[in-house]
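Residue-level structural notes
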Amino acid sequence: MMNTQSLACKVLMPAYGIIVAGSILENLLLGTDWFLLGSVIGFLWLAAGLVGLTLAVRELRKGEGYMLVESGPFAWSRNPILAANLLGIMPGLCLVLNTNLGILGIAVGIFLFFKNVGAEELELEDQFGETYQAYRERVSRLLPLPSCPEN
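Residues numbered from 1 in each chain as written. Predicted model: local features only at pLDDT ≥ 70, side-chain atom pairs only at ≥ 80, totals over all residues. Heavy atoms only, no water.

Quick word on the environment of Leu145
Relative to the helices and strands, Leu145 resides in the segment after helix 5 (130–138). C-alpha of Leu145 to C-alpha of Lys10: the two residues are 135 residues apart in sequence and 25 Å apart in space. (Helix = DSSP H or I, 4+ residues; strand = E, 2+ residues; numbered from the N terminus.)

Right under this line is the structure:
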């Protein structure tokens, strides 16, 4: 069975790799100027993402792999761990590491998420049946957008 960890690896490893490579290229090889305010904003953004990640992981552990978790951050997003990474931690890290090229890592991560999440959803539907179908209809895939129940 595909689990959240394998989806996360497929999505996050390449994305974080691009962010780190962009930072190395821009800061060490090209010697770009550091932007202090950007780093401060980035640190706060990163911290918010880490809080979201911590809350999502804590809620996921309550299910212990045997039940569909629908509470906490999972009440707003079917993938709050990836949302915290893609929309919180990664943008904050790009600002802290002073990399514009790292933004490509976020774009790659979002692309890989939408490319791979369907397989995980099919497996969850097989495992949890109508319960997962109802959850999928009620909760957004990544962001809690009320106008987009199908996302």
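Some points on the nonpolar core
Core analysis: the largest hydrophobic core is formed by 32 residues, its most contacted members being Val11, Leu12, Tyr16, Ile19, Leu82, Met90 and Phe113. Of all the secondary-structure elements, those providing two or more residues to this core are helix 1 (4–29), helix 2 (36–63), helix 3 (80–96), helix 4 (103–128) and helix 5. Here the element with the most residues in this core is helix 3; it accounts for 9 residues. Once residues lying within four places of it in the same chain are set aside, the contact partners of Tyr16 are Asn85, Ile89, Met90 and Leu93. (Core = buried A, V, L, I, M, F, W, Y, C linked by side-chain atoms within 4.5 Å. Buried < 20%, exposed > 50% of the residue type's maximum accessible area, 1.4 Å probe, protein only. Contact = heavy atoms within 4.5 Å.)

Regarding a nonpolar patch on the surface
On the surface, a nonpolar cluster with roughly 770 Å² of combined accessible area is contributed by Val20, Ile24, Leu25, Leu28, Leu29, Leu30, Leu101 and Leu104. The greatest single-element share of the nonpolar patch, amounting to 5 residues, is contributed by helix 1. Relative to the elements of secondary structure, Val20 occurs in helix 1. (Patch = residues over 30% accessible without salt bridge, like charges linked within 9 Å, V, L, I, M, F, W, Y side chains within 5 Å. Areas by Shrake-Rupley, 256 points an atom, 1.4 Å probe, with all protein chains shown as cover. Salt bridge = Lys/Arg side-chain N within 4 Å of Asp/Glu carboxyl O.)

What about unusual backbone geometry?
The phi dihedral of Asn98 is positive, around 60 degrees, even though this residue is not glycine. According to the relative accessible area criterion, Asn98 is buried, its value standing at 14%.

It is worth stressing that arrangement in space is one thing and function is another; only the former is reported here.
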